[in-house]
Amino acid sequence: MGGRLLKVGGVTPFTATDYPGRLAAVVFIQGCPWRCGYCHNPHLQARPARGALRWADVVAKLRRRVGLIDGVVFSGGEPTMDPALPDAIADVRALGFQVGLHTACIYPKQLAAVLPMVDWVGFDIKAPFADYARITGVADSGAQARACAELIVASGTAYECRTTIHPTLLRESEVLNLAATLAGIGVDNYALQIFRPQGCADGALNAIATAGYPSAAALRDIGAMFGRFTLRRS
């Protein structure tokens, strides 16, 4: 079993929202080098010496889901940081599942290695690329994100690009500029996710209301840039 060393922090056995158009299970991988204030899985940021769940037990659970779900999504944390991810994907494909991937676009080389193995990618672009460190706390993280986004668009793999926005972190003008940049590199399926406090440990972000943000006019302008545009408020 190739993915036996995968560091798994948890499993959601059934979801209808994490893989568009599919019923899926989600495998959460431990570890992320970025520290975004609005992260709703901060408990998965640390990368321990040993995963919370054995991969063999996860595979046994997934085997019992054959015929009940369509796919398996690898999420996190940041799944592409785990060197056992390609083998784990192969294990899941051997069970007959389609494979989804959630990525924050951190590791272009590792992403390029697994893109041919996945059927759909949900990828996060957090800010205008020049301002990424404001969100992630890591210098030069915007260059990594842009490289990953360009890889995904060029690959032909089905995807959704999404940005979580909060008025304290991104002004409306910055959201508009980011949308234009993404459209310019070929993104055609884009989602804006309005910040939600569930799971967020940042009290300052939780205290700011998001009603009326962004404006209806801005949303119309952004929607016109993409073939498919989605707004999620909760």
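Further up the page is the structure itself.
Nothing here was measured: the structure is a model prediction, and the numbers come from that model.

Peer 1: Talk me through the packing of helix H6 (residues 172-184) against helix H8 (residues 216-223); I want residue IDs and the actual numbers.
Peer 2: Where H6 contacts H8, the axes come no closer than 10 Å and their chain directions differ by 10°. The angle between H6 and H8 falls in the class roughly parallel. The residues of H8 that touch H6, namely those facing Glu172, Val175, Leu176 and Ala179, are Ala218, Asp221 and Ile222. Per-class residue counts for the contact of H6 with H8 are five nonpolar, no polar and two charged.

Peer 1: Break down the sheet that holds strand S1 (residues 8-15) for me, citing the residues and quoting the values.
Peer 2: The strand order S1-S2-S3-S4-S5-S6-S7-S8 describes an open sheet built from eight strands, whose pairing is mixed. The sheet terminates laterally at S1 and strand S8 (228-232), the two strands that pair on one side only. Each strand of the sheet is rotated relative to its neighbour by a mean of 20°, with strand direction disregarded. In this sheet, strand S4 (residues 98-103) lies alongside strand S3 (residues 71-76) in parallel orientation, the contact comprising four bridges.

Criteria and cut-off values
- Residues numbered from 1 in each chain as written.
- Predicted model: local features only at pLDDT ≥ 70, side-chain atom pairs only at ≥ 80, totals over all residues.
- Heavy atoms only, no water.
- Axes fitted to C-alpha atoms, helices over the stretch in contact; angles between N-to-C directions.
- Helix = DSSP H or I, 4+ residues; strand = E, 2+ residues; numbered from the N terminus.
- Parallel < 35°, antiparallel > 145°, perpendicular 65-115°, else oblique.
- Contact = heavy atoms within 4.5 Å.
- Nonpolar A, V, L, I, M, F, W, Y, C, P; charged D, E, K, R; others polar.
- Pairing = 2+ DSSP bridges.

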